[in-house]
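So you can see what is in the structure, the chains are spelled out below.
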Amino acid sequence: AVCSPPVFGRQYYGRRKEMAQLLEVSTRLEAICEMKLFQTQSIRTEAFFVSGKGGSGKSHLVNKCGDFLSTQGWLVVGEKFDRGLEYNSQDIVCSLFNKIVKKLIKLKDGNLQDSEYSQRAANALSESLDAARLCSLVEYLPSIRDLISDAEFDANPSNFI
């Protein structure tokens, strides 16, 4: 089911309905993960676009939901856009993925559960791509170099600059 994006009006407080919409997505995705449906079904990537007038509480809403989801083990990233500027979709996607990788790098030095999670993510990435493709990906997501061990790149050092 596709949720319509919340568009904010003039109210500067509250936002229970909009917050429920955002949290409903995470609840649905958690249920998919718990039932391991992602192993048998193609799962869509989901993003939420929040728009509205300046000062209507968009950033506050996103930050509150993001803070809550972070305490529940989610990696939350976001991007803020300025009206009137041109945005390249590739740059936006790369920026968001680079933020995720940086969060995974920080988890490496965290508690055992965080460190293991970071390592599983790094392993999944390195097992999915050969050294040449990893090196190509680093051109777009430079922080991957800090996530994946040097051994992965040393397998084919001529591909890594």
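Residues numbered from 1 in each chain as written. Predicted model: local features only at pLDDT ≥ 70, side-chain atom pairs only at ≥ 80, totals over all residues. Heavy atoms only, no water.

Peer 1: What is the right way to read the side chain of S126 from this model?
Peer 2: Structurally, S126 is set in helix α4 (residues 112–128). Look at S126 and you get buried, because its relative accessible area is 10%. Only 3.2 Å separates the side chain of S126 from the backbone oxygen of N123, close enough to count as a polar contact. (Helix = DSSP H or I, 4+ residues; strand = E, 2+ residues; numbered from the N terminus. Buried < 20%, exposed > 50% of the residue type's maximum accessible area, 1.4 Å probe, protein only. Polar contact = N/O pair within 3.5 Å; in protein donor to acceptor, adjacent residues only side chain to side chain.)

Peer 1: Any chance you could explain the side chain of S118 here in plain terms?
Peer 2: With respect to the element layout, S118 can be found in helix α4. Under the relative-accessibility criterion, S118 is labelled buried at 1%. Apart from residues lying up to four places away in sequence, S118 is in contact with L104, L107, K108 and L147. (Contact = heavy atoms within 4.5 Å.)

Peer 1: I keep staring at the pattern of salt bridges and nothing clicks. Help me out?
Peer 2: In a structure, side chains of opposite charge can pair up when their charged atoms sit close to one another. This model, assessed by the stated rule, comprises one salt bridge. With a shortest N-O distance of 3.1 Å, D130 and R133 are connected by a salt bridge. Residue classification places R133 among the exposed residues on the basis of a relative accessible area of 53%. (Salt bridge = Lys/Arg side-chain N within 4 Å of Asp/Glu carboxyl O.)

Peer 1: Explain the layout of surface pockets to me, please; I cannot follow it from the model alone.
Peer 2: If you roll a probe as big as a water molecule over the atoms, it shows you where there is empty space left. Space inside the second largest pocket adds up to approximately 230 Å³. Along the walls of the second largest pocket sit S70, G73, W74, L75, L107, Q113, D114, Y117 and R120, which together make up its complete lining. With four residues, the single largest contributor to the lining of the second largest pocket is α4. Of the residues contributing to the lining of the second largest pocket, the split by class is four nonpolar, three polar and two charged. (1 Å grid on protein atoms, 1.4 Å probe; cavity = no way out; pocket = protein on both sides within 12 Å on 5 of 7 lines; lining within 4 Å. Points joined across faces, edges and corners; volume = space filled by probe spheres on them. Nonpolar A, V, L, I, M, F, W, Y, C, P; charged D, E, K, R; others polar.)

Peer 1: Help me out: how do you make sense of helix α2 (residues 58–71) in this one?
Peer 2: An α-helical turn contains 3.6 residues, so a residue and the one three or four places further along point in the same direction. In this model, α2 (14 residues) spans 20 Å end to end at C-alpha, consistent with the 20 Å of a helix rising 1.5 Å per residue. Once α2 ends, the next one or two residues include G73, with phi positive near 95 degrees. (Expected span 1.5 Å × (residues − 1).)

Peer 1: Quick question: what am I supposed to make of the nonpolar core here?
Peer 2: As a rule of thumb, soluble globular proteins bury nonpolar side chains together. Among the nonpolar cores identified, the biggest contains 11 residues, and these are C94, V101, L104, L107, A122, L134, V138, L141, I144, L147 and I148. Ranked by the residues each element gives to this core, the list is headed by helix α3 (residues 89–108), at four residues. (Core = buried A, V, L, I, M, F, W, Y, C linked by side-chain atoms within 4.5 Å.)

Peer 1: Mind showing me how you'd approach a nonpolar patch on the surface here?
Peer 2: A cluster of nonpolar side chains, namely F81, L85 and Y87, defines an oily patch on the protein surface of about 290 Å² accessible area. Tracing the backbone shows F81 in the loop between α2 and α3. The class for F81 is partly exposed, based on a relative accessible area of 37%. (Patch = residues over 30% accessible without salt bridge, like charges linked within 9 Å, V, L, I, M, F, W, Y side chains within 5 Å. Areas by Shrake-Rupley, 256 points an atom, 1.4 Å probe, with all protein chains shown as cover.)

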